[in-house]
Amino acid sequence: MTDFRIAEEPELLEGATAPIVATSKRMTRGQLVRRRFLRNRGAVIGLIIIGVLVFLALFGGYVLPWQYDQRDTTQYYKPPSAAHLFGTTQAGFDVLAMTVRGLGKSLIIGFMVALIQTTLAALIGSSAAYIGGWYEKAWLWVIDLMLVLPSFFLIAIVSKGGPKGQYAWLLLVVMLAAFGWQLSARVVRSLSMSVKEREYVAAARFMGLSTPRLLVRHIIPNIASMLIVDVCLGVGYAILGEAGLSYFGYGVQAPDTSLGTLISEGALSTTIAPWIFLAPASFLVLLVMAVNALGDGLRDALDPTSQSGGQA
Amino acid sequence: MARYLLLRIANYVVLLFIAVSLAWVLAQTQLHPRQLFEIRNPPIDPVSVENILRAANVSDQVPMWDRYVTWIKGIVLHWDWGSTPGGGDVGEEIGRRIWVSFRLVTAGWLLGTVIGVTLGAWTAVRQYRISDRVVTAIVLLLVATPSYVTGEISKMIATTINKGVGFQLFLFLGEKSTGTLPGYPLAELVDRVQHMVLPTLVLTLLGLAGLSRLQRGLMLDALGSDFVRTARAKGLRENKAVMKHALRTALIPTGTYFAFQAASLFVGATYTERIFSFHGMGMYGVDTISKQNINGIVAVTAFGGLCYLVGAILADIMVAFLDPRVRLS
């Protein structure tokens, strides 16, 4: 899969009467993936949107005219205007600055949860497939068990009873990841089943490679494309999950804010000041759409059997 | 077949028992109903607080194992899921709320399924045409929009329309009006429909988004398969090849998905319930947590788990009957 031979467009030689010669050039896998990815317009737009949002979340404080904790004492409950692009709240805070701050927390939570849960899925799924026997049965059973439990309520219980304070959101990250890896682990397991039958895996084993090393060096890299897509789509799910919990007050706790807490606060005044709700809601939808489009684009670009159309 | 199903069900029963026990441990350790009484003013006598908590089997001064045995005994011997610290019966409350959720969710679920499957199959046939691209873009937007955003926006639009027409065309507070109804015939039915339009719309959009994506992918696979090409090559009309050969195959996984979801109708749609003030199962789960009602949230978890497993069994049966490739022996 590493070296595709791509026939380039036949070049007409000077003189035009000479026979058409098809030159061929080797293309690395990286080039191929890049070309396939760039052809997908939705995915490229998604990537650009994510880039802009991450930039805003990181440097918004320097770029934007207002800070999230800065009151404009002349503007209370004002609709969007040139001075305040997304309007102001009852207390005179700039909605755009608040939204960008919430966006930052949502992005951090989304990426952390996605990375943790995909790592868990990769380790558990591939080791279950490779080791087999009781070990595999036990993990499959744990996966079934965790899917039976309604995760939303369990996370809410822990969030209600758990520790409060500045780092309480880290517990939320752990809980979201703990209930997010099961379906991916199943997919990883079934993919690893076919990888472990390959000769080079047997060769590595006969050379005396330890199981953890074999998993990390030889099996997991072979399902990397699935894992990359899984991280990407996981970000979207995690952000929606966090926002959903925050909507009921079981997610990020004050004084921290996320898109979810902003949406739930804004929902209280949709009739008088819809912009307070619409700004974080549209950021959330835009972000999740961008992440999903990027994930789909990556899947098409990375999947060797993909029928993404066109050449290569 | 029967043996296979029985084994499956036995496995699920064990699974559910352990899952609910874990939820019970989590709720007992994380929730603190004593706090409910500590904030009362004037303060309540600690002895009577202890008695109330013991009566509900949620006192943290009783050893955990004793509480667990009492809880299990109540369920096995009397089908008693316990009571709230205030004295209300959990089983009764759930028995009532199940039907509220069912009434809320059913119409939206059916509409979402039918429209979703139709849209998915239709756009697959018209892949890469304008209509496909427009529908796919809308579906991508819907997939990324959580139901509380859809719900709030639908309420905002409905409020504008209500103002425009000058009377309350759309109602969005609960299942039905509480006051006296106007005297025209079928007033009660009309009132219920006015309340149901918006939540049904939200649930339909939610359902069709996921399902049309799934169905489009399945249908594309089926359309590209050899047996559909063979059917066309043998001279079958395109319409017939699509409907009878491709769609029929592509509907099998959707059927299992449908069966799987059927049981979850009773669990409800928490966000939609909250936005439109329905007091169904989803909101009960949220309320029990905020009111430190341990027995309540455990019962909700058990019921949710049961619905999930009933759905899984229904899906197993569907697969076994519909898909000739599944061999059970």
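Residues numbered from 1 in each chain as written. Chains lettered and ligands numbered in written order. Predicted model: local features only at pLDDT ≥ 70, side-chain atom pairs only at ≥ 80, totals over all residues. Heavy atoms only, no water.

Before going further, it helps to spend a moment on the overall build of chain A. Regarding its fold elements, chain A presents 12 helices and two strands. Put simply, chain A has 312 residues, and 47% of those count as buried. At a minimum sequence separation of 6, the contacts of chain A that also span at least 24 residues come to 68%. For chain A, the accessible area works out to roughly 15,800 Å², and carbon and sulfur atoms hold 64% of it. (Helix = DSSP H or I, 4+ residues; strand = E, 2+ residues; numbered from the N terminus. Buried < 20%, exposed > 50% of the residue type's maximum accessible area, 1.4 Å probe, protein only. Contact = heavy atoms within 4.5 Å. Areas by Shrake-Rupley, 256 points an atom, 1.4 Å probe, with all protein chains shown as cover.)

The partner chain A presents 37 residues to the 41 residues of chain B that form the contact. Both sides of the chain B and chain A interface together cover about 3,400 Å² of buried area, and 76% of this is carbon and sulfur. Along the contact surface separating chain B from chain A lie one salt bridge. As a salt-bridge pair, Arg213(B) and Asp296(A) come within 2.6 Å of each other at their nearest N and O atoms. For the side of chain B that touches chain A, the elements supplying multiple residues, two or more each, are α1 (2-30), α6 (130-144), α7 (147-165), α11 (270-275), α12 (281-290) and α13 (294-322) of chain B. No other element matches α1(B), which puts 10 residues into the side of chain B that touches chain A. (Buried area = accessible area lost by both parts, 1.4 Å probe. Salt bridge = Lys/Arg side-chain N within 4 Å of Asp/Glu carboxyl O.)

Quick look at the pattern of salt bridges now. All names here are of chain B. Under the criterion given, the structure shown has 16 salt bridges over all chains. The residue glutamate 93 makes a salt bridge to arginine 96 at a minimum N-O spacing of 3.1 Å. Placement of the pair is glutamate 93 and arginine 96 together in helix α5 (residues 90-125), with a separation of three residues, close to one helical turn. For glutamate 93, a relative accessible area of 22% translates into the label partly exposed.

Moving on, we come to the layout of surface pockets. Residue and element names in this part refer to chain B. There is about 630 Å³ of room inside the second largest pocket. Around the second largest pocket, the lining is made up of 24 residues, and of these Leu16, Trp79, Trp81, Ala302 and Leu306 lie nearest the centre. Ranked by residue count, the leading element in the lining of the second largest pocket is α13, at seven residues. Looking at the lining of the second largest pocket residue by residue, the class counts come to 22 nonpolar, two polar and no charged. (1 Å grid on protein atoms, 1.4 Å probe; cavity = no way out; pocket = protein on both sides within 12 Å on 5 of 7 lines; lining within 4 Å. Points joined across faces, edges and corners; volume = space filled by probe spheres on them. Nonpolar A, V, L, I, M, F, W, Y, C, P; charged D, E, K, R; others polar.)

Before going further, it helps to spend a moment on empty space enclosed by the protein. Residues and elements named next belong to chain A. With the rule as written, the count across this model stands at two cavities of 30 Å³ or more. By volume, the largest cavity amounts to about 110 Å³. Residue lining of the largest cavity: 13 residues in total, with Ser159, Ala168, Leu171, Leu172 and Gly251 positioned closest to the centre. Listed by contribution, the elements that provide at least two residues to the lining of the largest cavity are α5 (151-161) and α6 (168-178). Sorting elements by how many residues they give to the lining of the largest cavity places α6 first, with five residues. Residue composition of the lining of the largest cavity, grouped by class: nine nonpolar, three polar and one charged. Roughly 30 Å³ of volume is contained in the second largest cavity.

Residue and element names in this part refer to chain B. Together, Arg237, Lys240, Lys244 and Arg248 give the surface a local cluster of positive charge. Its location among the elements puts arginine 248 in helix α10 (residues 238-262). Relative accessible area serves as the criterion here: at 58%, arginine 248 is assigned to the exposed category. (Patch = residues over 30% accessible without salt bridge, like charges linked within 9 Å, V, L, I, M, F, W, Y side chains within 5 Å. Lys, Arg positive; Asp, Glu negative; His and termini not counted. Charge placed at Lys NZ, Arg CZ, Asp CG, Glu CD.)

A few words now on the environment of Phe321(B). All names here are of chain B. By secondary structure assignment, the location of phenylalanine 321 is in helix α13. With relative accessibility at 64%, the residue phenylalanine 321 sits in the exposed group. For phenylalanine 321 and leucine 36, which are 285 residues apart along the polypeptide, the C-alpha to C-alpha distance reads 52 Å.

Here we come to a nonpolar patch on the surface. The grouping of Leu278(A), Ile153(B), Ile157(B), Ile161(B), Val165(B), Phe167(B) and Leu169(B) at the surface amounts to a nonpolar patch, some 540 Å² of accessible area in total. Of all the elements, α7(B) adds the most residues to the nonpolar patch, at four residues.

Once that is clear, we can look at α1(B). Under the 1.5 Å per step criterion, the end-to-end length of α1(B) is 41 Å for 29 residues, consistent within 8% with the ideal 42 Å. Among all positions of α1(B), only Leu5(B), Tyr12(B), Leu15(B), Leu16(B), Ala19(B), Val20(B), Ser21(B), Ala23(B), Trp24(B), Ala27(B) and Gln28(B) are buried. Where α1(B) is buried, its residues contact α4 (133-148) and α5 of chain A together with α4 (64-78) and α13 of chain B. (Expected span 1.5 Å × (residues − 1).)

Let us now look at α4(A). With 16 residues, α4(A) ought to run about 22 Å at 1.5 Å a step, and its terminal C-alpha atoms sit 23 Å apart, in line with that. Every buried residue belonging to α4(A) is among Glu136(A), Ile143(A), Leu145(A), Met146(A), Leu147(A) and Val148(A), and all of these are buried. Each element contacted by the buried residues of α4(A) is listed here: α3 (95-131), α6 and α7 (182-195) of chain A together with α1 and α13 of chain B.

Scored by pLDDT, chain B comes out at a mean of 87, with 98% of its residues at no less than 70. For this predicted complex, the interface confidence comes out at an ipTM of 0.87, alongside a pTM of 0.87. (pLDDT = per-residue confidence, 0-100.)

To continue, consider the packing of aromatic side chains. Residue and element names in this part refer to chain A. Inspection of every chain in the model, using the stated rule, returns 20 aromatic pairs over all chains. An angle of 80 degrees between the planes, with centres 6.0 Å apart, marks the rings of phenylalanine 86 and phenylalanine 283 as edge-to-face. A residue pair is termed long-range when its members are at least 10 positions apart, and phenylalanine 86 in the loop between α2 (41-63) and α3 and phenylalanine 283 in helix α12 (residues 274-302) qualify at 197 residues. Owing to a relative accessible area of 9%, phenylalanine 283 belongs among the buried residues under this scheme. (Phe/Tyr/Trp six-rings, centres within 6.5 Å; stacked < 30°, edge-to-face > 60°.)

Turning our attention to the side chain of Gln215(B). Residue and element names in this part refer to chain B. Here glutamine 215 lies in helix α8 (residues 187-223). For glutamine 215, a relative accessible area of 0% puts it in the buried group. Excluding its chain neighbours within four sequence positions, the residues that come into contact with glutamine 215 are Gly116, Val117, Gly120, Ala121, Leu247, Ala250, Leu251 and Thr254.

Okay, the packing of α3(A) against α12(A) next. All names here are of chain A. Their axes nearest at 10 Å, the elements α3 and α12 cross at an angle of 35 degrees. Considering the relative orientation of α3 and α12, their crossing is right-handed. Between α3 and α12, the residues in contact are Val95, Leu96, Thr99, Leu103 and Leu107 and Trp275, Ile276, Ala279, Pro280, Phe283 and Leu287, respectively. For the contact of α3 with α12, the class distribution of residues is 10 nonpolar, one polar and no charged. (Axes fitted to C-alpha atoms, helices over the stretch in contact; angles between N-to-C directions. Left-handed = near helix turned anticlockwise from the far one by under 90°.)

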